[in-house]
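Structure assessment
Given next are the chains, with one letter for each unit.
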Amino acid sequence: MILRLAFHCPLGYLQCAHGHACILAWQRCDGRTDCTDGSDEEGCVCLPIPVDLNLDSRLAMLPNQLGQTTFEEIQNSSAVELLNSSTSHAENRHPEFREFAAAVIFPRCAISEEYNTSCSSSQHGDNTTSCITQLAPCRSWCEEVLHMADDPVKNLFPTCDLFPSPPHACWNPEPETKNNEVCYHGNGLNYRGTWSKTTSGADCVEWSAAQAGFYPTEYPWANLKNNYCRNPTGQERPFCLVEDGSQEECDVIPCNVVGCWDLGPPNYGKRIPVKRFYNVGEKVSYTCDVGYSLENGSDSEVRCIEGGIWQTDKPSCSVDIRSKLEEELLLVYSPNQAPKTENQTQAVISFNGYVEQIVDLDEKLELLVAAVVIDFTWQDRRLKWDPKYYRSLDTLSVSASSIWTPAFTLKANGDPGYAGLPKEVPVLLGTEGTVTWRVETLTSTICDADPFLFPADTMDCHICFSVSSAIKHTIECGEGSTCDGWFPPQQEGEWDRRDRIFAEGNKTACLAVHLERIPMFHIATTVAPCAILVVLMIITFIMPIDKGDRIAYGVTIMLSVVVSLVFVTEVLPVKGALPFFATLIVACMGLMGLFLFFTLYIISLHDKEGSLSPMAKTFFLRYMAKFLLLGDLTEKEAASGEGESGLNNTTVAWGERNNRVLPFDYLAVTDMETPADVSETTRQPSEPPTRLEAAVTSGFRDVTSCLRGMIRSLEDLTKAVNNEPEVSDYILLAAVLDRLCLVLDRLCLVLYVISMAATVPLTMYLSK
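Summary of the structure given here. (Residues numbered from 1 in each chain as written. Predicted model: local features only at pLDDT ≥ 70, side-chain atom pairs only at ≥ 80, totals over all residues. Heavy atoms only, no water.)

Focus: the state of the cysteines
Under the convention used in this document: Counting rule for disulfides: a pair of cysteine sulfur atoms within 2.5 Å. Put simply, DSSP H or I for four residues or longer makes a helix, DSSP E for two residues or longer makes a strand, and each gets a number counted from the N terminus. Burial here depends on accessible area, computed with a 1.4 Å probe over protein chains only, as a share of the maximum for the residue type. Under 20% is buried, over 50% is exposed, and the range in between is partly exposed.
Applying the stated rule across the entire model yields 14 disulfides. Put simply, cysteine 16 and cysteine 35 are joined by a disulfide, and their sulfur atoms are 1.8 Å apart. Between cysteine 16 and cysteine 35, the S-S dihedral sits near -80°, and the bridge is therefore left-handed. Of this pair, cysteine 16 sits in the loop between strand S1 (13–15) and strand S2 (22–24) while cysteine 35 sits in the loop between S2 and strand S3 (47–48), placing them 19 residues apart in sequence. Residue cysteine 16 is classed as buried on the basis of its relative accessible area, which comes to 1%. With a relative accessible area of 4%, cysteine 35 lands in the buried category.

And the structure:
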């Protein structure tokens, strides 16, 4: 007793009678002696289960795998609640959960047919067969049922590795069937059917042969027999191994899942995927064999919807009348022969089309990349048929490569890699032999640009397809087309676009694209800035001439104008003549450069010393100055000169009070007569001067010369204090030339503004 209390066996094990060892609970009464004292094979008695437990009237053998030894103990434990709760939680548990729990709590009894008195009297024996054995649930059943249970429920049972598996005796319920076929519950860990094909239709290989027999060795409890579909690894559904050793899901039917049964393939067709059972939401695609097609109104896809029904009926395949007609028409048809008309005349190819989109436009290279759509139509009596023999079929679509099509050449092609019109496109045939070939292609065409009136320039592009003159075919505009008429204009980026179609010489089909630039953008971004730069040029000649900033400012303006010219020349193609706007820019730059060189010359004259010749002085400082509203500059120069030379006939007048010290301002220069002059007025000229008179005259002259020098020094000092520069002839000449330059520049500005004012309205008018 002490040993029995001191030694405890875990859940799923049973203690031997001697108390020193534990055996697996399912090994009791299994017909083999596992305890050394043989106690595991003693007392093997089958007892009826109490009726109040609402279980099937069968026999059970205790103790069970939970360690419970009597029915009273079981009824007082939570095991009964586990049985009752399985009904309320049926939607979240395995459908066989209650049956599995009952098999664990009340292990089944297996009574041998040879059971008799003599057999029952043998209490035990070493390795002898018992007449009564206990049947615990099989491990595969445990794995499948508990896989769907939550952890608290799983903890109430021994782990599944403590359950028996074949070849040991164990209990597994009879497999459930659906449509007379074994189905599976949950993920199919306990599936025991004999299905051996995958969903793709591949045959399964035997488990013992695939993967070097890995699966039977690793999962001996999983019923891996032959090549039947099983699920030893716990995937979503049973699977098997195929020839290459990979796993593929099997087309096994689930027991409690609502779905749709396979409708089978249509007549003269097949279905994808091929399965026997489809879950809700899955769809099947139906196709027909060559020469057959789905009947009108039949859907090629059918989906399984709620309730396990198909959304529509299975479609039907019938003879493909279009394929039959195509085969008959092209049976003796030769695509190398030109079309034959009713009156044996040359074929007339009519066309109609339009430019769908301008993909790219390179103004510099004059290249247009456009997506065009053209319909070519002609008659070929070899392609006629009678609709009444072909279920009233009046049109047929075939590949352009299977019939004759005209060989067109793209004129003015700008793409060296252009391979011609596509041939692998459908061609529409009519009952009267009418052939309609719709071509959708991308073309690169060289255009003709006229940039003279930029930014109101134009560009003409002709997308023309021509046939050789040696081929006897005539090309003309199709019926209903606006031949030689312009389509309504439409805007394409910064261009106004107009299209038209026309035939040229009965050998060429053309789509013309006329593009006119919308000038407002370039007027705002190119013309207006150039006008502002011209106005800024005038400011250059208002700046003082003796400042070096005038040259730097003028050079900056010229560089800005150069940038505008570069922009214009980069956008427009190179033609024989410059655009009018570019000509104005070049003229403006030329005048600006000329005036800057003239300014440099004027600045060099400004700092030059000396006097002009009398003729130059008279022309520039008198007449030219008066013309430029500067007045007579020779008079100003004379007035300035008198301030220096007037002292020859002046003297200094002192204030009346000679005893005061007077400032320099009181010193005035007055006209005076020398003693010699006085004597000359009183004496006759014939009278010789006396010695005294000569001496006095000489003294006065010396005094006058001294005073003149002093006064000149004082004037120079006054000018230096007042910063008054000395005005020379060249300074006056520089002023005259600078004024002349300003007048000429303003005159050029007026002419430039007039040109610009005329250009902008003209551009706006021509752009309409």
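Quick look at the sheet that holds strand S18 (residues 367–384)
Backbone hydrogen bonds hold the strands of a sheet together, and the pairing may be parallel or antiparallel. Operational definition: Each pair of strands is called paired provided DSSP finds at least two bridges between the two strands. Every axis in this analysis is a line fitted to C-alpha atoms, fitted for helices over the stretch in contact. Angles between the N-to-C directions lie between 0 and 180 degrees. Every residue pair with non-hydrogen atoms within 4.5 Å of one another is taken to be in contact.
Ordered in space as S19-S21-S22-S18-S17-S25, the six strands form an open sheet in which the pairing is mixed. Sheet topology places strand S19 (395–399) and strand S25 (473–477) at the edges, where each strand pairs with a single neighbour. Between one strand axis and the next, the sheet turns through 30° on average, direction left out of account. The pairing of S18 with strand S22 (residues 432–446) spans 14 bridges and is classified as antiparallel. Along S22, the bridge assignment pairs glutamine 379 with threonine 434. Where helix H9 (residues 321–329) meets the sheet, it contacts S18, S19 and strand S21 (426–430), and its direction lies at approximately 65° from that of S19.

A few points about the packing of helix H4 (residues 97–105) against helix H6 (residues 139–147)
Basically, it comes down to this: By the definition adopted for this analysis, an angle is roughly parallel if under 35 degrees, roughly antiparallel if over 145, roughly perpendicular if from 65 to 115, and oblique otherwise. Handedness of a helix crossing follows the sense of rotation of the near helix relative to the far helix, less than a right angle counterclockwise being left-handed and clockwise being right-handed. All residues other than Ala, Val, Leu, Ile, Met, Phe, Trp, Tyr, Cys, Pro, Asp, Glu, Lys and Arg, Gly among them, are scored as polar; the first ten of these are nonpolar and the last four charged.
At a minimum axis distance of 10 Å, the contact between H4 and H6 shows a crossing angle of 130°. Classed by the angle they form, the pair H4 and H6 counts as oblique. Crossing of H4 against H6: the hand is left-handed. Between H4 and H6, the residues in contact are Phe97, Glu99, Phe100 and Ala103 and Trp141, Cys142, Val145 and Leu146, respectively. Tallied by class, the residues present in the contact of H4 with H6 amount to seven nonpolar, no polar and one charged.

Examining the pairing of strand S12 (residues 283–288)
Inspection of the sheet shows strand S10 (residues 269–272) paired to S12 by four bridges, in the antiparallel sense. Across the sheet, glycine 269 pairs through a bridge with cysteine 288, a residue of S12. Here S12 runs beside strand S14 (residues 301–305); their pairing, made up of three bridges, is antiparallel. For serine 285, the partnering residue across the bridge sits in S14 and is glutamate 301.

A look at the pattern of salt bridges
Here is the rule: Basic side-chain nitrogens of Lys or Arg form a salt bridge, by our definition, when they fall within 4 Å of a carboxyl oxygen of Asp or Glu.
For the coordinates displayed, the defined rule picks out 18 salt bridges. We note a salt bridge from arginine 517 to aspartate 457, for which the minimum N-O separation is 2.7 Å. On the criterion of sequence distance, the pair formed by arginine 517 in strand S28 (residues 508–517) and aspartate 457 in the loop between strand S23 (448–450) and strand S24 (458–466) is long-range, its members being 60 residues apart. Taken as a pair, arginine 517 and aspartate 457 share a single burial class, namely buried. Measuring nitrogen to oxygen at the nearest pair gives 2.7 Å for the salt bridge that ties arginine 497 to aspartate 499. Each member of the pair, arginine 497 together with aspartate 499, is buried. Salt bridges here are not isolated pairs; linked through shared partners, they connect Glu363, Asp457, Glu494 and Arg517.

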